[in-house]
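# Architecture and fold: a report
Residue-level listing of the chains:
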Amino acid sequence: MVDFGKRSVTVRALDPFDFEGIDFAFFSAGGSVSAEHAPRAARAGATVIDNTSHFRMDDDVPLVVPEVNGSILNGWFERDRPGGIIANPNCSTIQMLLAVAPIHRAAGIRRINVATYQAVSGAGRQALEELGRQTAARLNFEQPEARVLSAPIAFNVIPRIDRMEDNGYTREEMKMHFETRKILDDHEIGVNATAVRVPVFYGHSEAVHLETVRVIEVDEVRALLSRAAGIEVIEGEIDPMPLVHASGRDPVYVGRIRRDYTHPNGINLWVVSDNLRKGAALNAIQIAELLANLEGRSRG
């Protein structure tokens, strides 16, 4: 038994678990666990929604942000039900594409430059605890010890998330490139990312710089995003912030919408979201709800 909120939950061993009769199986225990058990669950008839990176670039596995490309599940539902695997994208990719997709549909996008400012919750509970310990240590004029992250994070930034690849980019940065192309079904888009860990508990922020195919005016961008599902536009005297706006809330917040004065087709955005909600759990639940609605319509 484990305590969850105000109740206790029975936990079973996964290895002998029989997935027969399970409609939806949510996996978020690491790629090795998903690699071993997700196919087994799918063969038993469960729809697996996997929050690891293991299946994301598999050609036979849909990579889904419901507001962006949820329509691809129409064909998947007819072909693969019952059973099958659907991948949940990377948290940074999800929030970026909620803001970028309406612009891409309207004006096309050639290139995205993005710098991410990612909360430590993206690295897990132990990283959260480490930020707390290190903050207390710094305020007491003590030298903090880095045990979970690669360097001290309190009052610092770490410009490297995940392992370094041979091309000089990190795995996190390359995820954003490849996943964006797959989700938008456009393999000409280039995503040039720099992923940075910052001393924030919850909520990723992104500075997004777009180069569109055709010129699009800032007012049109603002109107598109104001109508887009899952987006809240915040402009005026205050800009979107992870603590003030995103933490503990579902929407993706967009602000600082402006023309890139160095490029005729350039648009700049500031995008903030709770990485544990829309960046992970909420997106997975929305995929399940979309499939449940498709099943309801097919029975009707």
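Preceding this paragraph is the structure being described.
In this report, the structure presented in the accompanying data block is examined. Because the structure is a prediction, the values reported are computed rather than measured.

A count of helical and extended segments in the chain gives nine helices and 11 strands. Its C-alpha atoms give the chain a radius of gyration of 20 Å, within 12% of the compact-globule value 19 Å for 300 residues. Dimensions of the chain, computed from C-alpha atoms along their principal axes, come out at roughly 55 × 55 × 40 Å. The burial tally for the chain puts 46% of its 300 residues in the buried class. Taking the intrachain contacts of the chain between residues at least 6 apart in sequence as the baseline, contacts between residues at least 24 apart amount to 66%. When the accessible surface of the chain is split by element, carbon and sulfur atoms take 50% of a total near 15,200 Å². Across the chain, 33 positive and 40 negative side-chain charges occur, with their mean positions spaced 2 Å apart.

Let us look at the pattern of salt bridges. Applying the stated criterion across every chain yields a total of 14 salt bridges. In this structure, the salt-bridge partner of E165 is R163, at a minimum N-O distance of 3.9 Å. Residue R163 is classed as partly exposed on the basis of its relative accessible area of 48%. A single salt-bridge network, built from bridges that share partners, covers D162, R171, E172 and K175.

Quick look at the environment of F155 now. Relative to the helices and strands, F155 resides in the loop between α5 (125-139) and α6 (171-184). The class for F155 is exposed, based on a relative accessible area of 59%. As for F155 and N74, which are separated by 81 residues in sequence, their C-alpha atoms are 47 Å apart. Ignoring anything within four residues of it in the chain, the contact list for F155 reads T135, R138, L139 and P199.

Both faces of strand β4 (residues 47-50) are covered, namely the face carrying T47 and I49 and the face carrying V48 and D50. Direction of pairing for strand β3 (residues 24-27) relative to β4: parallel, over a ladder of four bridges. Looking across to β4, one finds that A25 is bridged to V48. Traced from β3 through helix α1 (residues 31-43) to β4, the parallel crossover comes out right-handed. Bridge analysis of β4 against strand β5 (residues 84-87) gives four bridges, and the strand direction is parallel. Within the sheet, the bridge partner assigned to V48 lies in β5 and is I85.

When strand β6 (residues 109-118) meets strand β8 (residues 204-212), the two strands line up antiparallel, connected through eight bridges. If you follow A115 over to β8, its bridge partner there is A207. In the sheet, β6 pairs with strand β7 (residues 190-197) via eight bridges, with the strands oriented parallel. Directly across from A115, in β7, lies its bridge partner T194.

Moving on, we get to the nonpolar core. Of all hydrophobic cores here, the largest spans 48 residues; its most connected members are M96, I112, V208, L210 and L269. Of all the elements, helix α4 (residues 91-107) adds the most residues to this core, at nine residues. Contact partners of L269, with chain neighbours within four places excluded, come to A99, I103, E206, A207, V208, L210, V221, L225, V254, G255, R256 and I257. I49, V64, I287 and L294 belong to the second largest nonpolar core, which has 10 residues in total.

Another point: the packing of aromatic side chains. By the definition in use, this model includes three aromatic pairs. On the numbers, 5.0 Å between centres and 85° between planes, the contact of F17 with F19 is edge-to-face. Ring centres 5.7 Å apart and planes at 50° place the aromatic pair Y117 and W270 in the tilted group. Pair noted here: Y117 is in strand β6 and W270 is in strand β11 (residues 266-273), with a separation of 153 residues, a long-range link. By the ring-pair criterion, three or more aromatic residues cluster together here, those being F17, F19 and F27.

Reading the values: rules and limits
- Residues numbered from 1 in each chain as written.
- Predicted model: local features only at pLDDT ≥ 70, side-chain atom pairs only at ≥ 80, totals over all residues.
- Heavy atoms only, no water.
- Helix = DSSP H or I, 4+ residues; strand = E, 2+ residues; numbered from the N terminus.
- Rg over C-alpha atoms; globule rule 2.2 N^0.38 Å.
- Buried < 20%, exposed > 50% of the residue type's maximum accessible area, 1.4 Å probe, protein only.
- Contact = heavy atoms within 4.5 Å.
- Areas by Shrake-Rupley, 256 points an atom, 1.4 Å probe, with all protein chains shown as cover.
- Lys, Arg positive; Asp, Glu negative; His and termini not counted.
- Charge placed at Lys NZ, Arg CZ, Asp CG, Glu CD.
- Salt bridge = Lys/Arg side-chain N within 4 Å of Asp/Glu carboxyl O.
- Pairing = 2+ DSSP bridges.
- Right-handed = clockwise from strand over helix to strand, strands pointing away.
- Core = buried A, V, L, I, M, F, W, Y, C linked by side-chain atoms within 4.5 Å.
- Phe/Tyr/Trp six-rings, centres within 6.5 Å; stacked < 30°, edge-to-face > 60°.

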